[in-house]
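# Structural overview for review
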Amino acid sequence: MALRDIHLLGSAPLRARSAEVPVVDDLLRQFIDDLFETMDAAEGVGLAANQVGITQRVAVVGVEDDRFAMVNPVIVSAEGRARGEEGCLSIPDLHAEVTRPERIVLEALDREGKPYRRELDGYVARAVQHEIDHLDGILFLDHLSLLKRELLIRRWKKENKGGSLIRKVVPEGKRTR
Ligand SMILES: [Zn+2]
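No experiment lies behind these values; they were computed from the predicted model shown.

## Some words on the overall build of the protein chain
- Regarding its fold elements, the protein chain presents three helices and nine strands.
- Traced from its N-terminal end to its C-terminal end, the protein chain shows the element sequence β-α-β-β-β-β-β-β-β-α-α-β.
- Compactness check: the protein chain gives a C-alpha radius of gyration of 16 Å against a globular reference of 16 Å for 177 residues, within 12% of the reference.
- With the C-alpha coordinates of the protein chain rotated into their principal frame, the extents come out at 45 × 40 × 30 Å.
- The 177 residues of the protein chain split such that 29% are buried.

Below, the structure written as structure tokens:
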């Protein structure tokens with residue numbers, strides 16, 4: 001397993017529509033393990049492949065003990081509306097309230113390539129929708145009003161002074177601060 005570098009706002013893969021995964025093989029499983037490891041090291045609750053520069057429809061989610069991979073995920077139905085705070089490993093330190101469907105039905109392939117279907121609600125449903133958005137080149141900021149979005153992006157640019165498009169993930173224990 002290996003930690004991957006995380007792409008930051010402004011990097012092209014974040015705005016790409018990712019391609020369907022043709023086959024779930026050992027290489028993809030290794031990549032999924034890398035996604036989990038990188039998500040954990042970065043202390044996130046989800047990570048999509050294009051956030052590490054790979055434009056394929058793969059993402060991982062980890063909300064408390066509920067950890068799963070999604071290959072070629074599709075939301076087959078959605079209902080209700082819920083508002084909740086979101087952040088993103090590709091836009092560190094920026095948070096905003098986002099309105100999304102409250103309950104979803106997810107269909108995807110797991111790490112073994114086996115199809116599954118899950119009914120989700122609450123925070124994990126939010127995380128899944130956030131990750132699937134990534135695979136379509138959509139960021140949580142896109143759900144905000146134009147005004148709010150521009151304000152946040154301006155603030156983020158000011159804080160991300162170097163203008164770096166890549167973030168090195170440092171595992172816990174090796175951090176200097
Ligand atoms: Zn994100």
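From this point, the discussion proceeds with the structure in view.
## With respect to helix H3 (residues 146–159)
- Compared with an ideal rise of 1.5 Å per residue, which puts 14 residues at 20 Å, H3 spans 20 Å between its outermost C-alpha atoms and is within 8% of the ideal.
- Summarising burial for H3: zero of the 14 residues are buried, a small minority.

## Regarding the pairing of strand E7 (residues 103–109)
- Going residue by residue along E7, you find Ile104, Leu106 and Ala108 tucked away on one face and Arg103, Val105, Glu107 and Leu109 left uncovered on the opposite face.
- Alignment of strand E4 (residues 66–79) against E7, held across six bridges, turns out to be antiparallel. Bridging from a neighbouring strand, Ile75 pairs with Leu106 of E7.
- The sheet contact formed by E7 and strand E8 (residues 115–121) spans seven bridges and is antiparallel. By the bridge assignment, Arg103 is partnered in E8 with Asp121.

## What to know about the sheet that holds strand E3 (residues 58–63)
- Taken in spatial order, the five strands line up as E2-E3-E4-E7-E8 in an open sheet, and their pairing is antiparallel. Each of the sheet's edge strands pairs with one partner strand only, and the pair in question is strand E2 (46–48) and E8. In this sheet, neighbouring strand axes are inclined to one another by 40° on average, regardless of whether the strands run parallel or antiparallel.
- When E2 meets E3, the two strands line up antiparallel, connected through three bridges. Counterpart to Gly46 in the pairing with E3 is Val61.
- Across the sheet, helix H1 (residues 26–41) lies against E2, E3 and E4, angled at about 40° from E3, the strand it touches most.
- Lying on the sheet, helix H2 (residues 122–135) is in contact with E2, E3, E4, E7 and E8; it crosses E3 at an angle near 160°.

## A word on the environment of Leu141
- Here Leu141 lies in the loop between H2 and H3.
- Linking Leu141 and Pro171, residues 30 residues apart in sequence, is a C-alpha distance of 27 Å.

## Re the nonpolar core
- If you look at the biggest cluster of nonpolar residues, it comprises 33 residues, and the most contacted ones within it are Ala59, Val60, Val61 and Val128.
- Looking at this core element by element, the count peaks at six residues for H2.

## Thoughts on unusual backbone geometry
- Backbone geometry at Asn72 places phi at a positive 50°, although glycine is not the residue there.
- The topology assignment puts Asn72 in strand E4.
- The phi torsion at Asp93 lies on the positive side, around 70°, for a residue other than glycine.
- Along the chain, Asp93 falls in the loop between strand E5 (82–86) and strand E6 (96–100).

Definitions and cut-offs
- Residues numbered from 1 in each chain as written.
- Predicted model: local features only at pLDDT ≥ 70, side-chain atom pairs only at ≥ 80, totals over all residues.
- Helix = DSSP H or I, 4+ residues; strand = E, 2+ residues; numbered from the N terminus.
- Rg over C-alpha atoms; globule rule 2.2 N^0.38 Å.
- Buried ≥ 20, exposed ≤ 12 C-beta atoms within 10 Å, placed from the backbone.
- Expected span 1.5 Å × (residues − 1).
- Pairing = 2+ DSSP bridges.
- Axes fitted to C-alpha atoms, helices over the stretch in contact; angles between N-to-C directions.
- Contact = placed C-beta atoms within 7 Å.
- Core = buried A, V, L, I, M, F, W, Y, C linked by C-beta atoms within 7 Å.

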